[in-house]
Amino acid sequence: MTLKDLLIQYFNKEVSAVEAIRMLTAMVNPDHAIDILALVNQICRHELGDLDTETFKAVYKIE
């Protein structure tokens, strides 16, 4: 599963925020640690209403 696939599943409510974060944090790759941390933060902000869905999707080029 790609990162984009995971985000699509999250936006389609096929996986919860907690499930998405658990999958992301299981990806142990030092080269992408900061990107994964940023994405976890964005998911949390989205869940709290601080980041709207349209902007979130636009950042990751998801339609």
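First, a word on scope: everything that follows refers to the structure included in this document. This structure is a prediction, so every number in the text was calculated from the model and none was measured. (Residues numbered from 1 in each chain as written. Predicted model: local features only at pLDDT ≥ 70, side-chain atom pairs only at ≥ 80, totals over all residues. Heavy atoms only, no water.)

## Description of the packing of helix α1 (residues 3–11) against helix α2 (residues 17–25)
So the rule is basically this: Here an angle of 0 to 180 degrees is reported between the N-to-C directions of two axes, which are lines fitted to C-alpha atoms, with helices fitted over the stretch in contact. By definition, any uninterrupted DSSP run of H or I lasting at least four residues is a helix, any uninterrupted run of E lasting at least two residues is a strand, and each is numbered from the N terminus. Should an angle lie under 35 degrees it is considered roughly parallel, over 145 roughly antiparallel, and from 65 to 115 roughly perpendicular; all remaining angles are considered oblique. It is the rotation of the near helix from the far one that decides the hand of a crossing: anticlockwise by less than a right angle makes it left-handed, clockwise makes it right-handed. The criterion used for residue contact is that any of the two residues' heavy atoms lie within 4.5 Å. Residue polarity follows a fixed list, in which Ala, Val, Leu, Ile, Met, Phe, Trp, Tyr, Cys and Pro are nonpolar, Asp, Glu, Lys and Arg are charged, and the others, Gly among them, are polar.
For the pair α1 and α2, the least separation of the axes is 10 Å and the interaxial angle reads 165 degrees. In terms of orientation, α1 and α2 fall into the roughly antiparallel class. Helix-helix and strand crossings are classified by hand; for α1 and α2 the assignment is right-handed. Residues Leu3, Leu6 and Tyr10 of α1 form the contact with α2, whose participating residues are Ala17, Ala20, Met23 and Leu24. When the residues that make up the contact of α1 with α2 are grouped by side-chain class, the tally is 7 nonpolar, no polar and no charged.

## Observations concerning the nonpolar core
Going by this rule: Throughout, nonpolar core names a set of buried Ala, Val, Leu, Ile, Met, Phe, Trp, Tyr and Cys residues whose side chains join them through atoms within 4.5 Å. Exposure classes here rest on a 1.4 Å probe applied to the protein chains alone. A residue is buried below 20% of its type maximum, exposed above 50%, and partly exposed in between.
Within the largest apolar cluster, 15 residues are counted, with the highest numbers of intra-cluster contacts made by Leu7, Tyr10, Phe11, Leu24, Leu39, Ile43 and Phe56. For this core, the elements supplying multiple residues, two or more each, are α1, α2 and α3 (33–48). In contact with Ile43, not counting residues within four places along its chain, are Tyr10, Ala17, Ala20, Ile21, Leu24 and Phe56.

## Things to note about the packing of α2 against α3
Contact pair α2 / α3: the axes reach a minimum separation of 10 Å and the direction vectors enclose 175 degrees. Considering the angle they form, α2 stands roughly antiparallel to α3. Of the residues in α3, those in contact with Ala17, Ala20, Ile21, Leu24 and Thr25 of α2 are Ile36, Leu39, Val40, Ile43, Cys44 and Glu47. Looking at the contact of α2 with α3 residue by residue, the classes come out as 9 nonpolar, 1 polar and 1 charged.

## Let's talk about the packing of aromatic side chains
To keep it simple, the criterion reads: Put simply, two rings from Phe, Tyr or Trp (the six-membered ring, in Trp's case) pair if the centres are within 6.5 Å, and we call them stacked under 30 degrees between planes, edge-to-face over 60, tilted for the rest.
Throughout the structure, instances matching the rule amount to 4 aromatic pairs. Relative to Phe11, the ring of Tyr10 lies with its centre 5.4 Å away and its plane at 55 degrees, an arrangement referred to as tilted. Between Phe56 and Tyr60 the ring centres are 5.9 Å apart and the planes differ by 65 degrees, which places this aromatic pair in the edge-to-face class. Note on Phe56: relative accessible area 0%, which makes it buried. The exposure class assigned to Tyr60 is partly exposed, which follows from its relative accessible area of 24%. Feature note: the residues Tyr10, Phe11, Phe56 and Tyr60 constitute an aromatic cluster, connected by ring pairs.

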